[in-house]
Amino acid sequence: MKNTILKSIVVFLFTITLSAQVMDGYKPGLQAISKEEMKVHEQFLASDSMKGRAAGTDENLLAAMYLAEFYRKQGLQPVFETPRRRKEKDYAGQLKVEKSSLYEEYFQKFSLQKSQLNEKSNLTITKKYDNGSKEVSYELSKDFFLRYTGGTSYSVSSPIVFAGYGIYDGEDGYTDYVNVEGDSLDVKNKIVLVVDSYPRYSDSSSAFRKANELHYRMVKHKAKYALNKGAEAVFVVQSPLLLEQPIDAKYEKTLGLFERTYTKLHDRKRSELPVFYLTEKIATQLFDKLANVNLKEVLQGIDTKLKPHSFEFQDITAEFNIVVDYEILRTQNVVAYLEGSDPELKDEIVVFCAHYDHIGIGEYGAMDKSRVGEIHNGADDNGSGTAGLLELAKAFSKTQPRRSALFISFSAEENGLLGSKFYVNNQPLFPLEKTVAVVNLDMIGRNEPELVWVGGAFYGRDIIKTAEEANKLVGMELLYNVGFLGNASDQAPFLWRDIPALFFFAGLHDDYHTPDDDIEKLNFDKMKKITELSFLSGWILTNQDKNPVYEDIPIPERAVIVKESVKRQKNYKKEN
C-alpha cells in the first residue's frame, strides 16, 4: 500500500511539469511589479497613524479609501454600476445636489456585530424535593466559564442530561447517546452535560486513543452533535480519573477568545450551542450533593465495560441567563474589476485577494495580552499581502487577460474571515459558478528568503500545477503544508464552495499579532518574488483554455506531500 501511495505521488509531482504553461503576454505586467512601490504602500498602511486598521474604525476606512484610489488610478473599474449616492446639506441645512463618492463605488459595505459577555450572565441549578426546592447560583468567570458566539442574549431553563463522554459515533460502535437500558437518549430542549475526555484515556492501547484522540476530546465536536440532536446548551466537566490543572487554567487562552466575538449581522442566528465550562465546585455540588451520584465510579464503569451510562438528572434543572452587550460596526471590502478580452471567457472570473484589516490596538487577537493598548501595525499581517495585491492589480492593468480578474481587499478577516464570508455567502458580485479560481496573499514578507508555503494543494492537482509552472520563472522553494492555517485566511470560504484556490504564505513568526510586526522587519525582495509568482499563476489561470478542477486529495497522499515539503524545508535551512 505504501509503495502504491509513493508511486502516485511521484506521478503527481511529475505531471506538475507537464500541464499548465505561462502564456505569452505576461512580460509588461511582470515588469510593472515594484518593490519600491510596495514600500510606499506599507509606509502608509503600517504607519502608527493607521492604528492597526481594525475593522469598523476610521483608520480602516481610510485604508479602504487608499486602496480604492489606487485601483481607480490603475484604470480598474468599480463593480457597482450605479454609484452609491448620499444627500448632503449645506451649512444652512438646505439640501444640496446629490453627490457620489469616488471611493464608495469600489466599496462592498457590510456590518458586523461586536458582542461582549456581560458579567450579569449567571447560572442557577435547582433541585426539587417533596417539601420544597434548593437553588444554588453561580457567577460567570468565577464558578463557570462560557463559550458563546450567538451574539444575542439568551435564557433557558431546562432539565440536565448526563451524556458521558459526549461521543456519538465511537470505536466498536460505542455511543453515549443511549441510556443504561440501551434506549435512545432524549436531549431535545435539554442541557447536555459531558466529560472532557474519552473512554480509557490513560490506556495507550485504547482503540479511542489510537484512532483519533483529538476528535474524541474536542468539545466543539461534542457540542455540534448535541446541537444536531436539539439540545439547548452543553455543560463540560473534567474527568475525576485524570490529574489535570483547573478548567479555567486549562482553557484560559481558548475561553479568552470568546469574551468578545464578532459576527456579520446577516449571521446573527445561533449556529453553535453555548458551552459552559464548569469548575470542580459546581461538578461536586451537582453530582455528589444534589444527585447523589459518584462521577468517578460512573466513568470507571464506562471504561471497564465500554458501555455507556447516560441518564437524566432526576428533579434537577438548570437555568442560565446569557447577557450580551453589543454594538454595530460598519466596514467594507474594496473591490475592483478588470474585464477579460476573450468574448467567450470574459464572463468567467479569477479572484485575487488579500485582507487589509489588522487587530488595531490588540483589543482582540493579541498574542501578548500585556501589550493590549499598543498599536499593532500589522506590516506583515497583512500589509504585505495587501501591498502585493495592489501590485498585482497594477500588473494586470498592463495586460489583457482572456478571463476577467476581480481584485478584492477584504476587511474583517481578523474577526473570523467575515469579509470573505460576506462576499461568498451573502453578496457574490459575480456568480460563484463562474468563479474559476482564487489567488490569496496573506503574510508574504518574513522568514527565509526563498521559502513560500502554498495552500490549496489538498484541494486540486491542477491549481498546484499552475503554481509549479509559474515558479519556473521565479525560482522559489514551494512548500505544501500550512497546517491549521489552511482554512484561516480568505481563500477558505471559496474552498468551502469547491472553488480551487492558491494561498501564498511566507510563514508565522514571533512578531505575529504583536506591536513588533513593523515595516523595518519586512523582506521586500521576498515580497516582490511572491507577488511575481502570484501574478504568473494568475496569468495562467486567466488565460488557459481549461479551468482548474476542485479535487479533494486523499489523506494518505496529503501526508506524503507534507512529508516531502518538511524534508525540503529542513534541507534548505541546513544549506543556508
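This text follows the structure it describes.
(A) Representation of the sheet that holds strand β6 (residues 132-139) in the model. Strand order across the open sheet formed by eight strands is β6-β5-β13-β8-β9-β10-β12-β7, with mixed pairing between neighbours. Strands with a single pairing partner mark the edges of an open sheet, and in this sheet they are β6 and β7 (144-147). Direction aside, neighbouring strands of the sheet carry axes that sit 30 degrees apart on average. By the bridge criterion, three bridges tie strand β10 (residues 233-237) to strand β12 (residues 275-278) in an arrangement that is parallel. Bridging from a neighbouring strand, Val-236 pairs with Tyr-277 of β12. Packing of helix α9 (residues 280-290) onto the sheet brings it into contact with β5 (122-129), β6, β7, β8 (154-162), β9 (191-195), β10, β12 and β13 (311-322), and relative to β5 it is tilted by some 10 degrees. Contacts from helix α10 (residues 295-305) reach β8, β9 and β10 within the one sheet, and its direction differs from that of β8 by about 60 degrees.

(B) View of the pattern of salt bridges. According to the stated counting rule, one finds 31 salt bridges in the structure shown. The closest approach of N and O atoms between Glu-327 and Lys-114, which form a salt bridge, is 3.7 Å. Of this pair, Glu-327 sits in strand β14 (residues 324-338) while Lys-114 sits in strand β4 (residues 107-117), and the two are 213 residues apart along the sequence. Among the residues examined, Glu-327 registers a relative accessible area of 39% and is labelled partly exposed. With its nearest N and O atoms 3.1 Å apart, the salt bridge here joins Arg-371 to Glu-374.

(C) Here's a closer look at the packing of helix α13 (residues 461-471) against helix α15 (residues 524-543). Contact geometry of α13 with α15 gives a least axis separation of 8 Å together with a crossing angle of 125 degrees. Considered as vectors, α13 and α15 are oriented oblique to each other. Considering the relative orientation of α13 and α15, their crossing is right-handed. Residues Ile-463, Thr-466, Ala-467, Glu-469, Ala-470 and Asn-471 of α13 form the contact with α15, whose participating residues are Leu-533, Leu-536, Ser-537, Ile-540 and Leu-541. Across the contact of α13 with α15, the residue classes break down as seven nonpolar, three polar and one charged.

(D) Summary view of helix α6 (residues 219-228). Taken as a whole, α6 has its buried residues at Val-219, Lys-222, Ala-223 and Ala-226. Considered in projection along α6, the buried side chains sweep an arc of 95 degrees and stay on one side of the axis. Turned more than 90 degrees from where α6 packs its buried face, Lys-224 and Asn-228 sit exposed. Note on α6: the residue one or two positions beyond its end, Gly-230, has a positive phi of about 90 degrees.

(E) Summary view of the packing of helix α11 (residues 379-397) against α15. α15 packs onto α11 with a crossing angle of 45 degrees between their chain directions and a minimal axis gap of 9 Å. In this view, α11 runs oblique relative to α15, as classed from their interaxial angle. α11 and α15 meet at a crossing whose hand is right-handed. Taken together, the residues of α15 that come into contact with α11 (itself represented by Ser-384, Ala-387, Gly-388, Glu-391, Leu-392, Ala-395 and Phe-396) are Met-527, Thr-531, Ser-534, Phe-535, Gly-538, Trp-539 and Thr-542. Looking at the contact of α11 with α15, its residues break down into seven nonpolar, six polar and one charged.

(F) Focus on the packing of aromatic side chains. Applying the stated criterion across every chain yields a total of 28 aromatic pairs. Each ring, one from Phe-235 and one from Phe-276, has its centre 5.3 Å from the other, and the planes form 70 degrees; the classification is edge-to-face. Taken together, the positions of Phe-235 in strand β10 and Phe-276 in strand β12 put the pair 41 residues apart, joining distant regions of the chain. When its relative accessible area of 1% is taken as the criterion, Phe-276 is described as buried. Arranged with centres 5.2 Å apart and planes meeting at 65 degrees, the rings of Phe-311 and Phe-313 form a pair that is edge-to-face. Both residues of the pair, Phe-311 and Phe-313, count as buried. Pairwise contacts between aromatic rings join Phe-144, Tyr-148, Tyr-154, Phe-235, Phe-276 and Phe-320 into one cluster. When the ring centre of Tyr-201 is taken as reference, the NZ or CZ atom of Arg-209 above it lies at 5.8 Å. One cation-aromatic arrangement involves Arg-558 over Tyr-459; the distance from NZ or CZ to the ring centre is 5.1 Å.

(G) Examining unusual backbone geometry more closely. A cis amide bond links Asp-381 to the next residue, Asn-382, at an omega of -5 degrees. Note that Asn-382 resides in helix α11. Not every positive phi belongs to a glycine, and Asn-189 is a case in point at roughly 60 degrees. Along the chain, the position of Asn-189 falls in the loop between β8 and β9. With phi around 55 degrees, His-513 is a residue other than glycine that occupies positive phi space. Locating His-513 in the fold gives a position in the loop between β20 (501-505) and α15.

Rules used in this analysis
- Residues numbered from 1 in each chain as written.
- Predicted model: local features only at pLDDT ≥ 70, side-chain atom pairs only at ≥ 80, totals over all residues.
- Heavy atoms only, no water.
- Pairing = 2+ DSSP bridges.
- Helix = DSSP H or I, 4+ residues; strand = E, 2+ residues; numbered from the N terminus.
- Axes fitted to C-alpha atoms, helices over the stretch in contact; angles between N-to-C directions.
- Contact = heavy atoms within 4.5 Å.
- Salt bridge = Lys/Arg side-chain N within 4 Å of Asp/Glu carboxyl O.
- Buried < 20%, exposed > 50% of the residue type's maximum accessible area, 1.4 Å probe, protein only.
- Parallel < 35°, antiparallel > 145°, perpendicular 65-115°, else oblique.
- Left-handed = near helix turned anticlockwise from the far one by under 90°.
- Nonpolar A, V, L, I, M, F, W, Y, C, P; charged D, E, K, R; others polar.
- Arc of directions from axis to C-beta.
- Phe/Tyr/Trp six-rings, centres within 6.5 Å; stacked < 30°, edge-to-face > 60°.
- Lys NZ or Arg CZ within 6 Å of the ring centre and 35° of its normal.

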